[in-house]
Amino acid sequence: MEKTLSLFVLLLFVSLLVACGSTAREFNEDANIIVYTRDTTSGTRAVCMECIGFSEATANDSILVQGFVTQDNTQIFTSMQTDEYGIGYISLATLTSQVKGLNFEGVEPTVANVLNDTYGLKRPFMYMTRAAGDYPSEVVEQLVNAFVAFLGTVDAADVINNNGAIALPATQTWDDIKADHPVTNQDNSSVTVRFGGSDSIQKVAEALTNAFKPKAGNFIAEHDHTGSGDAFKRTWDPSVKDTSVGKDVGFASRPFTESEINGSNTDNIGQLSWDAIVAIVHRNNPVSNVTADALKKIYNGTYRTWGDLLSV
């Protein structure tokens, strides 16, 4: 009898512990939504705001919800791992199971859904190079031209897909076109090629240069990614391109603007790949889907608490 009673008490105690633990982990719908965003130079922000019908917020912080937090792509991803009541947006190339990526308008953020054009927060990854004859040296220019050619190969497509972006169709291999770029046959270990622009593309860009360097004489790839707005400024803007922050190749995680295109040369612009933007939250957050209208209301302050969103 005593053993039976002791077992009953033990089971009751364990049940109470489990119940208390479950209650402690319950999501508080009355908690304020902590809103994270990119800064006004970000291509990710520009595309996100345009896609949710809030294009006026692309370059205007004053109309965002009060108390928003500005961070870069990596910081937003890291913050959502610990901020149970936060929401932000990142590149699909960055998304992992460490956070929860939300469906957009009922469509899951996957490579397949980007390619079949059912996922709405889709954007191109672009690149821009300096003008012909406007490089630190002829060797650097030849290496950049070879790198751009490499981007259109099956070899590069594999690197792009393996690093979370979505490659454009390709049929040629690097071996098919290498002879067109004899500079890659020489020792380039003392030559530096400078890459910059969008930090959302940094992971893909670094993977591409790491794959290309041993095919091109082991040149030095210098990466300094500070935002899509700098892709044009640091390769074409006369007041910036020839300073210490100038670049040979700039990346943008959005289409180039009309003023950027008019200020450069379309022969020096191309698409690297496709990507998508994903709204993310903490893994404990019960939200699994978000609409364009809901995101706009979160970012303009109409929805203040998680209950506002969950009650819709």
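These remarks concern the structure in this document. Keep in mind that this is a model prediction, so the values were computed, not measured. (Residues numbered from 1 in each chain as written. Predicted model: local features only at pLDDT ≥ 70, side-chain atom pairs only at ≥ 80, totals over all residues. Heavy atoms only, no water.)

**Some thoughts on the overall build of the chain**
So, point 1. When its secondary structure is counted, the chain shows twelve helices and twelve strands.
So, point 2. Along the first, second and third principal axes, the C-alpha atoms of the chain reach 90 × 50 × 35 Å.
So, point 3. Counting every position in the chain, which comprises 312 residues, the buried fraction comes to 48%.
So, point 4. Of the contacts made within the chain by residues no fewer than 6 positions apart, 76% connect residues no fewer than 24 positions apart.
So, point 5. By element, 50% of the accessible surface of the chain is carried by carbon and sulfur atoms, the whole surface being about 14600 Å².
So, point 6. Side chains of the chain carry 22 positive and 37 negative charges; the gap between the two charge centres is 4 Å. (Helix = DSSP H or I, 4+ residues; strand = E, 2+ residues; numbered from the N terminus. Buried < 20%, exposed > 50% of the residue type's maximum accessible area, 1.4 Å probe, protein only. Contact = heavy atoms within 4.5 Å. Areas by Shrake-Rupley, 256 points an atom, 1.4 Å probe, with all protein chains shown as cover. Lys, Arg positive; Asp, Glu negative; His and termini not counted. Charge placed at Lys NZ, Arg CZ, Asp CG, Glu CD.)

**Focus on helix α11 (residues 292–299)**
Note on helix geometry: an α-helix contains 3.6 residues per turn, so any two residues three or four positions apart are oriented the same way.
So, point 1. All of the buried residues in α11 are Ala292, Ala294, Leu295, Ile298 and Tyr299. Seen from one end, α11 has its buried residues packed into an arc of 165°, which puts them on one side.
So, point 2. Looking one or two places after α11, you find Gly301, whose phi comes out positive at around 95°. (Arc of directions from axis to C-beta.)

**Things to note about the nonpolar core**
So, point 1. Counting 45 residues, the largest nonpolar core has Ile87, Phe104, Tyr119, Leu295, Ile298, Tyr299 and Trp306 as the members making the most contacts within it.
So, point 2. Residue assignment for this core shows that the elements contributing at least two residues are β1 (34–37), α2 (43–51), α3 (73–79), β3 (86–91), β11 (269–281), α11 and α12 (306–310).
So, point 3. Take this core: its biggest share by element is six residues, from β11.
So, point 4. Apart from the residues lying within four places of it in its own chain, the contact partners of Tyr119 are Leu102, Phe104, Val107, Glu108, Pro109, Asn113, Val114, Ala276, Ile277 and Val278.
So, point 5. One finds Trp174, Ile177, Ala221 and Val249 within the second-largest nonpolar core, a separate group that totals 34 residues. (Core = buried A, V, L, I, M, F, W, Y, C linked by side-chain atoms within 4.5 Å.)

**Some thoughts on the packing of aromatic side chains**
So, point 1. Scanning the entire structure with this criterion turns up eleven aromatic pairs.
So, point 2. An aromatic cluster is present here, built from Phe147, Phe150, Trp174, Phe195, Phe212, Phe219 and Phe251 joined pairwise through their rings.
So, point 3. For the cation-ring pair, Lys122 lies above Trp274, with the distance from its terminal atom to the ring centre recorded as 4.3 Å. (Phe/Tyr/Trp six-rings, centres within 6.5 Å; stacked < 30°, edge-to-face > 60°. Lys NZ or Arg CZ within 6 Å of the ring centre and 35° of its normal.)

**A short note on the state of the cysteines**
So, point 1. Counted by the stated rule, this structure contains zero disulfides.
So, point 2. Free cysteine Cys48: the closest other cysteine sulfur is in Cys51, separated by 7.3 Å. (Disulfide = S-S within 2.5 Å.)

**So, the packing of helix α6 (residues 154–162) against helix α8 (residues 202–212)**
So, point 1. Following both chains from N to C, one finds α6 and α8 inclined at 140°, their axes separated by 9 Å at the closest point. Two packed elements cross with a definite hand, and for α6 against α8 that hand is right-handed. Each of Ala156, Val159 and Ile160 in α6 lies in contact with α8, whose residues at this interface are Val204, Ala207, Leu208 and Ala211. (Axes fitted to C-alpha atoms, helices over the stretch in contact; angles between N-to-C directions. Left-handed = near helix turned anticlockwise from the far one by under 90°.)

These values are about where atoms sit, not about what they do.
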